[in-house]
Amino acid sequence: RSFDRFSASAFDISRDIAGFAKEVHIRTRSEKVERFGKNPVYDNMWLHLMIERAHEDGRVSFLDESECHFPFLHTGGVVNVDDNCVGPLYKHVFPSTLAPGLSFIGIPS
């Protein structure tokens, strides 16, 4: 089953940026997907279930028991989380001074 059957726009956007990005991680709420993990067509794209936990060392654990490491998440106190609200961010975008080549697409919460 192709990933785009349950999330066409996410997969389309991810496929478009996969040619430029070092890594692309797609998180889905759907548990009806038959295949999680590395995409068979794009070597730098992974599909995960929802995030279970973000660790202090930059690791992110997903409900499908996979993990990935985002070393830029260790911000030295520049970014903080208070009552599930991340700040100080402008329009939910990661501060460019910490990772100038980083982009998050679609992080509503």
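Our subject is the structure that appears above.
Residues numbered from 1 in each chain as written. Predicted model: local features only at pLDDT ≥ 70, side-chain atom pairs only at ≥ 80, totals over all residues. Heavy atoms only, no water.

1. Considering the sheet that holds strand 2 (residues 37-38)
Formally: We treat two strands as partners when DSSP finds at least two bridges between them. Helix numbering and strand numbering both begin at the N terminus, where a helix is a DSSP run of H or I of at least 4 residues and a strand a DSSP run of E of at least 2. Two residues qualify as a contact provided that any one of their heavy atoms is within 4.5 Å of a heavy atom in the partner residue. Only the contacting stretch of a helix is used when fitting its axis, a line to C-alpha atoms as for every element, and angles between N-to-C directions run 0 to 180 degrees.
The strand order 1-3-2 describes an open sheet built from three strands, whose pairing is mixed. Where the open sheet ends on each side, the last strands, each with one partner, are strand 1 (24-27) and strand 2. On top of the sheet, helix 1 (residues 8-18) reaches strand 1 and strand 3 (45-48); it is set at about 170° to strand 1, its chief contact.

2. Things to note about the pairing of strand 5 (residues 59-62)
Here three bridges tie strand 4 (residues 51-54) to strand 5, and the two strands are oriented antiparallel to one another. Of the residues in strand 5, the one forming a bridge with A54 is V60. Taking the residues that link successive antiparallel strands as the turn, the strand 4-strand 5 hairpin has four residues, and the phi of G58 there is positive, at about 95°. Relative to strand 6 (residues 67-69), strand 5 runs antiparallel, the two sharing three bridges. The partner of V60 across the bridge, within strand 6, is C68. Here strand 5 folds back onto strand 6, and the loop between the two strands holds four residues, one of which, E65, carries a positive phi near 70°.

3. A look at the pattern of salt bridges
Spelled out, the test is: The term salt bridge refers to a side-chain nitrogen of Lys or Arg lying within 4 Å of a carboxyl oxygen of Asp or Glu. For the exposure calls, accessible area comes from a 1.4 Å probe over protein chains only, and a residue counts as buried if that area is under 20% of its type's maximum, exposed if over 50%, partly exposed in between.
Overall, the coordinates contain three salt bridges when judged by the stated rule. Two residues, R59 and D57, come together in a salt bridge whose shortest N-O distance is 2.9 Å. With a relative accessible area of 27%, R59 lands in the partly exposed category. A relative accessible area of 41% means that D57 is categorised as partly exposed.

4. Overview of the side chain of N39
The criterion, for reference: Think of a polar contact as two N or O atoms within 3.5 Å of one another; within protein, one of them needs to be a possible hydrogen donor and the other a possible acceptor, and neighboring residues in sequence only count if both atoms come from side chains.
Inspection of the secondary structure puts N39 in the loop between strand 2 and strand 3. N39 sits in the buried class, given a relative accessible area of 5%. Of the polar contacts made by the side chain of N39, one reaches the backbone nitrogen of Y42; its length is 3.0 Å.

5. Concerning helix 1
The condition is simple: By construction, the arc corresponds to the directions joining the helix axis to the C-beta atoms.
Of all the residues in helix 1, the buried ones are F11, S14 and A18. Down the axis of helix 1, the sector holding all buried residues measures 65°, keeping them to one side. Exposed and facing more than 90 degrees away from the buried side of helix 1 are S9 and D16. Those residues of helix 1 that are buried lie in contact with strand 1 and strand 3.

6. Details of the side chain of H55
Note on placement: H55 falls in the loop between strand 4 and strand 5. Residue classification places H55 among the buried residues on the basis of a relative accessible area of 15%.

7. Examining unusual backbone geometry
Residue E65 is not a glycine yet carries a positive backbone phi of 70°. Among the structural elements, E65 can be located in the loop between strand 5 and strand 6.

8. Remarks on the sheet that holds strand 4
Spatial strand order, 4-5-6: three strands in an open sheet with antiparallel pairing. The open sheet terminates on both sides in strands that have one partner only, identified here as strand 4 and strand 6. Looking at each pair of strands side by side, their axes are set apart by 20° on average, direction ignored.

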